[in-house]
Amino acid sequence: LELLPAAVPRLVERQDVSTLTAYAKRLGQEYNVAGILHDFCYLAIADLINSGAERTPDEVEACKKFLVSQTGCELEVLVADHKKELMRALIRSAGADDAADPQTEAERLQVVLGTLARLAASSSGVGGGGGGGG
């Protein structure tokens with residue numbers, strides 16, 4: 001069970017509902033696939049941002065749709081709900097690959113920092129735009 005957070009990005013990528021269901025059963029009755037994915041979605045979203053260049057647009061879109069369909073929340077809501085955790089995950093993973101080409105890592109870091117800047121900018125207006133959901 002301690003491996004669950006690290007496994008979430010791969011489980012989302014593979015759309016592995018059966019393994020997520022098994023984790024939920026092990027965690028107890030108060031847990032389900034939607035709850036697990038909602039709690040740890042920021043790890044999968046950070047992985048999508050960090051490794052977006054390694055996936056086709058269709059693969060990225062499939063992961064996003066999987067998260068939305070399984071949690072019942074739009075991606076923007078998941079990001080807003082987990083903004084701080086997502087920022088921390090992006091920062092932690094930004095320089096994680098020491099073996100990679102420095103130019104590639106610099107480009108990836110630029111994307112991550114741009115994403116962080118957008119998240120930070122949107123956090124200043126979190127309470128003001130609402131009208132919809134429920």
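Rules and cut-offs
- Residues numbered from 1 in each chain as written.
- Predicted model: local features only at pLDDT ≥ 70, side-chain atom pairs only at ≥ 80, totals over all residues.
- Heavy atoms only, no water.
- Helix = DSSP H or I, 4+ residues; strand = E, 2+ residues; numbered from the N terminus.
- Contact = heavy atoms within 4.5 Å.
- Areas by Shrake-Rupley, 256 points an atom, 1.4 Å probe, with all protein chains shown as cover.
- Salt bridge = Lys/Arg side-chain N within 4 Å of Asp/Glu carboxyl O.
- Buried < 20%, exposed > 50% of the residue type's maximum accessible area, 1.4 Å probe, protein only.
- Disulfide = S-S within 2.5 Å.
- Axes fitted to C-alpha atoms, helices over the stretch in contact; angles between N-to-C directions.
- Parallel < 35°, antiparallel > 145°, perpendicular 65-115°, else oblique.
- Nonpolar A, V, L, I, M, F, W, Y, C, P; charged D, E, K, R; others polar.

**Student:** Mind showing me how you'd approach the overall build of the chain here?
**Tutor:** A count of helical and extended segments in the chain gives 7 helices and 0 strands. Listed N to C, the secondary structure of the chain is α-α-α-α-α-α-α in terms of helices and strands. Look at the contacts in the chain between residues 6 or more apart in sequence, and 62% of them connect residues 24 or more apart. Total accessible area on the chain stands at roughly 8,100 Å², and carbon and sulfur atoms take up 54% of it.

**Student:** What exactly am I supposed to notice about the pattern of salt bridges here?
**Tutor:** Two side chains of opposite charge can pair, provided their charged atoms sit close to one another. A complete count under the given rule lists 5 salt bridges for this structure. When the shortest N-O distance is used, the salt bridge between R14 and D16 registers 3.2 Å. Judged by relative accessible area, which is 13%, D16 ranks as buried. Connected through shared salt-bridge partners, R10, E13, D47 and R55 make up one network.

**Student:** Would you mind going over the state of the cysteines with me for this structure?
**Tutor:** Such a bond, covalent and formed between the sulfur atoms of two cysteines, is termed a disulfide. One pass over the full model with this rule turns up 0 disulfides. This cysteine, C73, is not joined by any disulfide, and C41 carries the nearest cysteine sulfur, 8.1 Å off. For C73, a relative accessible area of 18% translates into the label buried.

**Student:** I keep staring at the packing of helix α2 (residues 17-27) against helix α3 (residues 33-50) and nothing clicks. Help me out?
**Tutor:** Put simply, α2 and α3 touch, their axes get as near as 8 Å, and they point 95° apart. With respect to each other, α2 and α3 are oriented roughly perpendicular. Residue-level inspection shows V17, L20, T21, Y23, A24 and L27 of α2 in contact with α3, the latter providing V33, I36 and L37. Across the contact of α2 with α3, the residue classes tally to 8 nonpolar, 1 polar and no charged.

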